[in-house]
Amino acid sequence: MTEQLLKIRGLKIEGKSDEVWIPIVNGIDLDLKKGEVLGLIGESGAGKSTVGLAAMGFTRDGCRISGGSVDFDGVDLVTASAAVKRNMLGKRIAYVAQSAAASFNPAHRLIDQHTEAPTQHKLRVKAESELDGMELYRRLRLPDPDYIGFRYPHQVSGGQLQRAMTAMAMSCRPDFIIFDEPTTALDVTTQIEVLAAIRDIVEQLDTAAIYITHDLAVVAQMADRIKVLLRGDEVEEAETRAMLSAPREDYTKSLWAVRSFQRPAKPAISAGATPIVSLKNVSAAYGKSPVLFDVAFDIHAGRTVAVVGESGSGKSTTARCITGLLPPSLGYIEFNGEVLPLDYRKRSKDQLRQVQMIYQMADTALNPRSSIGDIIGRPVQFYSGLTGSAKRKRVEELLAQIELEPGQYIDRLPSELSGGQKQRIGIARALAAEPQFVICDEVTSALDQLVAEGILKLLSQLQDDLGLSYMFITHDLATVRAISDDVVVMKDGRVVEQGLKAEMFQPPHHPYTDLLLSSVPEMDPDWLTNLLNGRGVDNIGDAAVGKM
Amino acid sequence: MSWLLNLILILIATTVVAWVFRFLGQKFTHNKPFFRDMPFVVAFGYVAGLLVLIAAVSYYFRPVEVNGVPSAGVIFFRWAVQGFIGFAIAAYLFRLFGRAVGTAGTRKLFRAMPLTAAFGVLVILLYAIVSIFAGSIAPYGQEEIFANANIVPGGNPMMGGDPNFPLGTDQIGRDIYSRLIYGAQNTVGIAFATTCLAFFVGGSLGFLAAIVGGWLDQILSRAVDVLMAIPALIFALLLMTIASVWSNQLGVDRTIFMVLIIAMIDSTRVYRLSRAVGQNIVVMDYIEAAKLRGEGMGYLIFKEILPNATAPLLAEFGLRFCFVFLTIASLSFLGVGIQPPLADWGTMVKDLSQFINFAAFAPNVATAPLLAAGAIALLTVAVNFVVDWMLHKSSGLKD
Amino acid sequence: MGSIFQIILQRLVLGILTLLIVSVVIFVAVNALPGDFAQAILGQGATEEAVAQIRADLGLDQNYFMRYFSWLANVLTGNLGISFAQMNFASNMGGDQLVGVVEQIAPRFKATMFLAGVTAMFAVPISITLGVLAALYRNSIFDRAVNITTLSSISSPEFFLAYILILVLAVLNPIFPSLSNVYEGMALGEKLNRTMLPALTLTLVVTAHMMRMTRAAIINLLASPYIEMARLKGIKPMRVIVRHALPNALAPIINVIALNLAYLITGVVVVEVVFVYPGIGQLFVDSVKIRDIPVVQACCLIFAAAYILLNLMADILSILSNPRLRHPK
């Protein structure tokens, strides 16, 4: 009979905003038994991290627990004294943060920070603790486990640091660990390593865990039970397999269905058709360091080309070459058969109009001091010369096109809008120029899955209505599957593979494409196990060489 | 040495009382978190603070006169405390007024204002009024010389005062009260003009460097680095030396040179800040979007960049004003700033400084130089309080 | 370790270069005087010989470049020229015992260093302790009181604080003398007694600055994720501060101290005038008033050099205490 470890009842947490306390978490119950892994899932603002920290009796500055109880092994952490809590923390409950690079003290070696908790809680002496640390590093499959601990945090890569932090959390053999989005900041290929390591060690040491994430596929791999949160409220809780196959609540169903949107595939391009944008062997450099090498691909009218790659692959740099912000050092770019001037300052107004860009972060993409009407109205005025009521009418048309009520939004400031709404304004601003070609630079990467879904559907609709051509830059393969017609895979500034979407998602592949495709978690609880067995456990290090 | 012994005894006593205080607090409130988690340092702090308060109150109520001799210490202390409390009350009432009267925007502003910022705004407004309407407020001219020199402040004929000259007259025979009022106009006015000039030059160059970048940025920034390598006051004094020779040659007022010199030196700091602010804004995607549209420089600066730079620029204006104001006052105090016969607070402090020596037996006399110096300090403190609040608001720190 | 040496060397070279350029600036400024300035400065009592001496001494017969390099050469060999006042005095009195500017400045410089040293001795420990305490007990009554006090202190002109201190500690309660006429050979105890008031004034100003900067740096540090992580490991608060915060606080605090000691240079001028303390600041102001160019030039150079040196030290020390640079990848 497994004993109950953690019992949270009616937990209420408030946060301070502008001198006023507003509720963040509205009464949540949570149970955790010894040795089990509970996945806590929700979109941003759901309160997952806050609940995770509260399970330790800890709140960040500006937050306070306003009600409920957190019973850990008989002690209520809400009312316990600071001394009692300090005794528990690290020894019986541990925490793994989202950013390992920020959570390690840059002034001390990894092993010294690892041994701190056990020595402080008088569990082991320093020497013993160091040996134990090396053993944990070995189990977590870190390279050079006997020596890596003597490095400083900035000398070690992101994925390795995350595992070192997991080891540090394990150092006192706690009863349970809270994992707060540990792989969100990592590349997809690195993520596999860390997920596998965490899952294995949690099993081996029989530690209970709360795994917080917004990624459904990841939680499917790691958790025994899943609990869904929405804006501080509990939505549903069930065993993993049960919830995946038969979710009960509508919100849960909508979360699961997110990856189902897919545009119907388009036929192959007829030979000899002039592409709308063509990159002819473009190479570029920032000052002395080269970043793009011989990039060549075409984008045809009315189609979406997805440019995929991990960080540092050169996707965004390619976009800057196309728009003329970074003139290529070799090669040139054609628009509708005409050669474009390399530098944007030398292009005509019409040439500038035809190529528009939508940015990833809506916060920096819209001028915070301009009203929505001005943000959209300026390009309208600039390109078509409309002013006064004619301009306003056009702005209202555009707002309707992006599915926002014109009367409601035209005089608002960007700060009053949500992330998804701001991104729609970015789309409207691009449309205001009546372009033929739009570059979407990771436009859904910063959005929650449901909201991202909405944006993708909108973009797809606009392509059908207006005959736009898209270059869609992304690192997320699910997005690629959803909206692209053609795919270009980039790595380290080069094009590794390109072709029709259907072709790309079937073997044979370039080995890098293979790696990318296989690293994307699926909504199948056995996916990770199968992947690891397929690759062979010892080969993981080799497969990810160059990335780790 | 006995004072050292006394000090040690007091420290020991405070330690003991603090420990008892925490212990009793824990017992009687059944271990409420406030007492249970109180570190010893905090308990010590509370008890020490209480002791200081008791000492201050008892000193306040000591007799003002002992056997006909005024106890100057008590008098000054009382003035200081009364001034402090008076200002606090005035600030509170002012804030109350501001919260009730005005447009929706100003009312919201006053609601969010801490007491120190309200005090600051009140003082700034007062100074602005006095410096603009100095001519109408002052009873006499700033250069008017009267036959009765060295009249003591206080207006009490028995002590050497004269009710016609409430703050007395200086050695030459000019009314101190009028000169103080004109001092507001001169010192504050000149400082304000200088700051505006520095801001205009430094700000535009800084933004230009941020937007254009390249060699213009390099040249300007290196030049500014060199100019900032010489401490401001020293550089000002050096240049004022040269300027004073030129001023005699050309017959140009030295004050004009001073304004130009200080504006130049200060514009370097403004350049640094506006360049940094400009650079932060220029990397934003919405600037890139505007550039790609083909927008011209003018539109970029005035419609996209400037509106987003107002908050930090305004705060910097306040800080620069304080710095310029203090530099001018210091230069005048040293005798190389604003020249007589213009009334100026710094010069007044210099001229009246020896009166402080009479403070022990004639406290009224010593007030004159202290008032002039205090007038300088008060405005700078007020501006700093307001700037502090503005910076705190814009940084959005969750305290 | 190679790269860190490179960085420090770079900064050193930059510092020296800056100093050279500053010397050019000072030179140019001085040479922007009108042609017959010698006459103008010495006024009615100027003798033919004095004027000729000045012209020769400043090399006004040579062209600009030659002048600058000969001046620079002189400076580097320790010859800063002869003050005009000296020249006039000597030629009037007919003596030829000319005291060079260097001999004039040296004792003054020592005196100012003594004053700065006493100030630093008080200011540094007090301000760091107060700053750390204020950061730890943020927004408590203590913090707010300290904040208001320091803000008022840095807003007040130095002479205001000086006169208040004179009022309280010299006039009303004669603890210290209000005039600090120290001289060479005075006993240390007496020297300290006379230096105390100017040192206290400077301490008030500098402590306020340092305390605020320290507080800001520590608050910034305490918000770091690794501090939160240390707390979540159950480490005791004192240990969190000593082992986690302090090593990372070294760099910003050292930076703060060095910058404020540089600021001290400017504050010293006014304070020395108020207390009539025989330091280089007072000499500078007096020379400015009588337009004694060689002395002004020399003092300016010394102030600038000290300022640049302190900023350079701040830069280098903060590089040295940055763990990322000490242990490169």
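Residues numbered from 1 in each chain as written. Chains lettered and ligands numbered in written order. Predicted model: local features only at pLDDT ≥ 70, side-chain atom pairs only at ≥ 80, totals over all residues.

**Some remarks on the overall build of chain C**
When its secondary structure is counted, chain C shows 14 helices and zero strands. Ordered by position from N to C terminus, the α and β elements of chain C give α-α-α-α-α-α-α-α-α-α-α-α-α-α. Buried residues in chain C amount to 44% of all 329 residues. Across chain C, contacts joining residues at least 24 apart in sequence account for 73% of those joining residues at least 6 apart. (Helix = DSSP H or I, 4+ residues; strand = E, 2+ residues; numbered from the N terminus. Buried ≥ 20, exposed ≤ 12 C-beta atoms within 10 Å, placed from the backbone. Contact = placed C-beta atoms within 7 Å.)

**What to know about the overall build of chain B**
Tallying secondary structure elements over chain B gives 15 helices and two strands in all. Dimensions along the principal axes, computed over C-alpha positions, put chain B at roughly 80 × 75 × 50 Å.

**Details of the interface of chain C and chain A**
Taken residue by residue, the interface counts 15 residues in chain C and 24 residues in chain A. Breaking the side of chain C that touches chain A down by element, the ones donating at least two residues are helix 10 (225-232), helix 11 (237-275) and helix 14 (323-326) of chain C. By residue number, the principal contributor to the side of chain C that touches chain A is helix 10 of chain C, which donates four residues. The residue makeup of the side of chain C that touches chain A, split by class, is seven nonpolar, four polar and four charged. (Nonpolar A, V, L, I, M, F, W, Y, C, P; charged D, E, K, R; others polar.)

**Focus on the packing of helix 8 (residues 158-172) of chain C against helix 11 of chain C**
Helix-helix packing: each pair is described by the crossing angle between the helix axes and the interaxial distance. Residues and elements named next belong to chain C. For the pair helix 8 and helix 11, interaxial distance at closest approach is 9 Å and the crossing angle is 40°. Relative to helix 11, the element helix 8 is oriented oblique. For the pair helix 8 and helix 11, the crossing hand works out as right-handed. Of helix 11, the residues touching helix 8 (which contributes Glu158, Phe159 and Ala162) are Gly267, Val270, Val271, Val274 and Phe275. Split into classes, the residues belonging to the contact of helix 8 with helix 11 amount to six nonpolar, one polar and one charged. (Axes fitted to C-alpha atoms, helices over the stretch in contact; angles between N-to-C directions. Parallel < 35°, antiparallel > 145°, perpendicular 65-115°, else oblique. Left-handed = near helix turned anticlockwise from the far one by under 90°.)

**Brief notes about the sheet that holds strand 3 (residues 37-41) of chain A**
Residue and element names in this part refer to chain A. Pairing in this open sheet of six strands is mixed, and the strands run 6-7-8-3-9-10 from one edge to the other. If you trace the sheet from one side to the other, it starts and ends with strand 6 (93-96) and strand 10 (233-239), each paired once. Neighbour-to-neighbour, the strand axes of the sheet open up by a mean angle of 15°, direction not taken into account. Bridging between strand 6 and strand 7 (residues 176-180) involves four bridges; their strand directions are parallel. Among the inter-strand pairings, Ile93 is bridged to a residue of strand 7, identified as Phe176. (Pairing = 2+ DSSP bridges.)

**So, the interface of chain C and chain B**
The interface of chain C with chain B comprises 45 residues on the first partner and 49 residues on the second. Listed by contribution, the elements that provide at least two residues to the side of chain C that touches chain B are helix 1 (2-30), helix 2 (37-42), helix 7 (141-155), helix 8, helix 11, helix 12 (280-290) and helix 13 (293-320) of chain C. Considered class by class, the residues forming the side of chain C that touches chain B number 36 nonpolar, six polar and three charged.

**Concerning the environment of C:Val273**
Within the secondary structure, C:Val273 sits in helix 11. Taking the C-alpha atoms as reference points, C:Val273 and C:Asp286, 13 residues apart in sequence, are found 9.1 Å from one another. Filtering out sequence-adjacent residues up to four positions away, C:Val273 remains in contact with B:Leu334, C:Gln282 and C:Val285.

**Focus on unusual backbone geometry**
Residues and elements named next belong to chain A. Non-glycine residue Arg231 carries a positive phi angle of around 50°. Tracing the backbone shows Arg231 in the loop between strand 9 (225-230) and strand 10. For Asp294, which is not a glycine, the phi torsion comes out positive at approximately 55°. Assignment of secondary structure puts Asp294 in strand 12 (residues 289-295). Judged by C-beta crowding, with 14 C-beta atoms within 10 Å, Asp294 ranks as partly exposed.

**Describing the domain arrangement of chain C**
All names here are of chain C. According to the domain assignment, chain C contains domain 1 (1-99 + 290-329) and domain 2 (111-289). In terms of residue count, the dominant contributor to the side of domain 1 that touches domain 2 is helix 13 (13 residues). By residue class, the composition of the side of domain 1 that touches domain 2 is twelve nonpolar, four polar and one charged. (Domains from an automatic or database assignment.)

**Some remarks on the nonpolar core**
If you look at soluble globular proteins, the nonpolar side chains tend to sit buried side by side. B:Ala236, B:Met240, C:Tyr163 and C:Cys299 are the most contacted members of the largest nonpolar core, which has 250 residues in total. B:Met240 has contacts with B:Met258, B:Ile261, B:Leu331, B:Val336 and C:Val288, leaving out every residue within four places of it along the chain. A:Leu32, A:Phe58, A:Ile177 and A:Val228 belong to the second-largest nonpolar core, a separate cluster that totals 85 residues. (Core = buried A, V, L, I, M, F, W, Y, C linked by C-beta atoms within 7 Å.)

**Structural notes on the pairing of strand 3 of chain A**
Residue and element names in this part refer to chain A. Across the five residues of strand 3, five count as buried, placing the element largely inside the fold. Burial along strand 3 is two-sided: Val37, Gly39 and Ile41 facing one way and Leu38 and Leu40 facing the other are all buried. Strand direction decides the pairing type here: strand 3 and strand 8 (residues 208-213), joined by five bridges, are parallel. By the bridge assignment for strand 8, Gly39 is matched with Tyr211. Note that strand 3 and strand 9 share four bridges and pair parallel. Bridge pairing in strand 9 links Leu40 to Lys227.

**Considerations on the environment of C:Val132**
Residues and elements named next belong to chain C. In this fold, Val132 is placed in helix 6 (residues 101-136). Since 20 C-beta atoms lie within 10 Å of it, Val132 is described here as buried. Sequence separation between Val132 and Met211 is 79 residues; the distance between their C-alpha atoms is 8.2 Å. Setting aside chain neighbours within four positions, we find Val132 in contact with Thr214 and Ile218.

**Points about helix 8 (residues 176-212) of chain B**
Residue and element names in this part refer to chain B. For helix 8, with 37 residues, the first-to-last C-alpha span of 52 Å sits near the 54 Å given by 1.5 Å per residue. Largest kink in helix 8: about 30°, centred on Tyr182. Of all 37 residues that make up helix 8, 27 are buried, and the element is covered over most of its length. (Expected span 1.5 Å × (residues − 1). Bend = angle between axes of the 7 residues up to and from the residue.)

**Remarks on the domain arrangement of chain B**
On domain assignment, one finds that chain B holds domain 1 (2-61) and domain 2 (176-395). Summarising the inter-unit geometry, the C-alpha centres of domain 1 of chain B and domain 2 of chain B are found 45 Å apart.

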